[in-house]
Amino acid sequence: MARELQGRVIGLAALVLATAMAAMAPSAAAEFYLRAGVGLEWVDDTVFEDRHCGSESPVALYGCGSGGDGAPTRTTGYFDTATAFELAFGHEPVPGMRVETRLEYLPRLRFQGTANFLETSREQSVTADVAALSAMVAGYGDLPLVLGHGSIVPFLGAGAGVAQLRIGTTRMTFPRTYTEVPGASRTALAWMVTAGLSAAVSERIAVEFAWRYTDFGEVRTGRGAGQVVWHDASKPPIPLDIAETRARLSDHGIRLSLRYGF
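Residues numbered from 1 in each chain as written. Predicted model: local features only at pLDDT ≥ 70, side-chain atom pairs only at ≥ 80, totals over all residues. Heavy atoms only, no water.

**Some thoughts on the overall build of the chain**
Looking only at helices and strands, the chain features one helix and 14 strands. Within the chain, the fraction of its 262 residues that count as buried is 44%. Within the chain, counting contacts between residues at least 6 apart in sequence, those at least 24 apart form 74% of the total. Of the accessible surface of the chain, which amounts to about 13,400 Å², a share of 61% is contributed by carbon and sulfur atoms. (Helix = DSSP H or I, 4+ residues; strand = E, 2+ residues; numbered from the N terminus. Buried < 20%, exposed > 50% of the residue type's maximum accessible area, 1.4 Å probe, protein only. Contact = heavy atoms within 4.5 Å. Areas by Shrake-Rupley, 256 points an atom, 1.4 Å probe, with all protein chains shown as cover.)

This is the structure we're talking about:
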């Protein structure tokens, strides 16, 4: 069901983009603009699991069994609220239709979770930091004839592109030891849908307030050198050759932007 919904949303995004780009042909009176924004992100609850639970070389971190809660062995948790920064260059080929190329940067998403290994019923906390940089082409349609009032104009939009996802070392803390899982970077397909309001401040300047849902694709931990470390350093660390784990990264956010036309 989730994959079907994702496919429909991506299809809608593609339709919006295609319509917007097609409208660029008769653009003799085209207007360009720059937009800068800042916002807050609330990431959906997140599950880290093995890419291949049966991997033996390197060894899967969680394996194919069930944890103490009866669910597949994994880590579940959440990301703290994060700050996002956005910069876009746009074009208005016809009144009420905008197309833009946008960059968005989330410098730090702090993950906090809990693993469910059978071996211990006590502390199994998991922490990691993730950063996301995305580049997308997006199309927006204003709705002044339907909902607009004065200088306040509602809009809808959708976009698609790529995201560069980087996760640092994941630390899994147990009563006597902690395990370090290596970090990694990867590029994934990403898409977003948005709805908001724009308000004209002057002939060239507008303020936007918008809600946005973004799917950044999969973030993956690194493959290779992890280790088990004793808290009291009573034993030397044990090296681990660990296979990749993965988690889907998607969020809801609000944006406040300033748009300047020229």
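Picking up after the structure, the text goes on.
**A few points about the nonpolar core**
Where a protein is soluble and globular, its nonpolar side chains tend to be buried together. Membership of the largest hydrophobic core comes to 35 residues, with the highest contact counts inside it found for L109, L165, M172 and L249. Breaking this core down by element, the ones donating at least two residues are β4 (82–94), β5 (97–115), β6 (125–142), β7 (152–167), β10 (184–200), β11 (205–220) and β14 (245–261). Among the elements that take part in this core, β6 stands out by supplying seven residues, more than any other. Leaving out residues up to four positions away in the same chain, M172 has contacts with L61, Y62, T75, A115, F117, S125, V126, T177, Y178, T179 and V181. (Core = buried A, V, L, I, M, F, W, Y, C linked by side-chain atoms within 4.5 Å.)

**A short note on the packing of aromatic side chains**
Geometry of an aromatic ring pair is reported as the spacing of the ring centres plus the angle between the planes. Under the counting rule described, the total for this entry stands at eight aromatic pairs. Centroid distance Y62 to F117: 5.6 Å. Interplanar angle 20°. Geometry classified as stacked. With Y62 in the loop between β2 (46–50) and β3 (75–79) and F117 in the loop between β5 and β6, this residue pair connects regions lying 55 residues apart in the sequence. Here Y62 and F117 have matching classes, each one buried. Ring geometry for F89 versus F262: centroids 6.4 Å apart, planes at 40°, classification tilted. Taken together, the positions of F89 in strand β4 and F262 in the segment after β14 put the pair 173 residues apart, joining distant regions of the chain. Overall, the relative accessible area of 44% leaves F262 in the partly exposed class. Taken together, the ring pairs connect F32, F89 and F262 into an aromatic cluster. Over the face of the ring belonging to Y178 we find R171, whose NZ or CZ atom lies 3.6 Å from the ring centre. Here the guanidinium or amino end of R259 rests over the ring plane of Y33, the centre of that ring lying 5.5 Å away. (Phe/Tyr/Trp six-rings, centres within 6.5 Å; stacked < 30°, edge-to-face > 60°. Lys NZ or Arg CZ within 6 Å of the ring centre and 35° of its normal.)

**Regarding the state of the cysteines**
Summed over the entire model, instances satisfying the criterion amount to one disulfide. Residue pairing for C53: its cysteine sulfur links by disulfide to C64, the two sulfurs lying 2.0 Å apart. As the torsion about the S-S bond is roughly 95°, the C53-C64 disulfide counts as right-handed. Of this pair, C53 sits in the loop between β2 and β3 while C64 is found in the loop between β2 and β3, placing the two residues eleven residues apart along the sequence. (Disulfide = S-S within 2.5 Å.)

**Some remarks on a nonpolar patch on the surface**
Together, V38, L40, W42, F85, Y105, L133, V201, V207, F209, I254, L256 and L258 make up a nonpolar patch on the protein surface, roughly 1,100 Å² of accessible area in all. At the level of elements, β1 (31–43), β11 and β14 are the ones that each hand at least two residues to the nonpolar patch. (Patch = residues over 30% accessible without salt bridge, like charges linked within 9 Å, V, L, I, M, F, W, Y side chains within 5 Å. Salt bridge = Lys/Arg side-chain N within 4 Å of Asp/Glu carboxyl O.)

**Notes on the environment of E244**
Mapped onto the fold, E244 is located in the loop between β13 (238–242) and β14. Sequence separation between E244 and A60 is 184 residues; the distance between their C-alpha atoms is 7.4 Å. Not counting the four nearest positions on each side in its chain, E244 is found in contact with D50, R51, R220, T221, G222 and R223. Within the structure, E244 has its side chain in polar contact with the side chain of R51 (distance 2.7 Å). (Polar contact = N/O pair within 3.5 Å; in protein donor to acceptor, adjacent residues only side chain to side chain.)

**Comments concerning the side chain of R98**
Position of R98 among the secondary structure elements: in strand β5. A polar contact is formed between the side chain of R98 and the side chain of E208, at a distance of 3.3 Å.

**Overview of the pattern of salt bridges**
In the structure shown here, the tally under the stated rule is 20 salt bridges. Among the ionic pairs, R102 bridges to E104, the shortest N-O distance being 3.1 Å. With a shortest N-O distance of 2.1 Å, E104 and R255 are connected by a salt bridge. Residue E104 is found in strand β5, and its partner R255 is found in strand β14; the two are separated by 151 residues along the sequence. We classify E104 as buried; its relative accessible area is 1%. R255 sits in the buried class, given a relative accessible area of 2%. Overlapping salt bridges, with partners in common, bring together R35, E41, E86, R98, E100, R102, E104, D142, E208, R212, R255 and R259 in one network.

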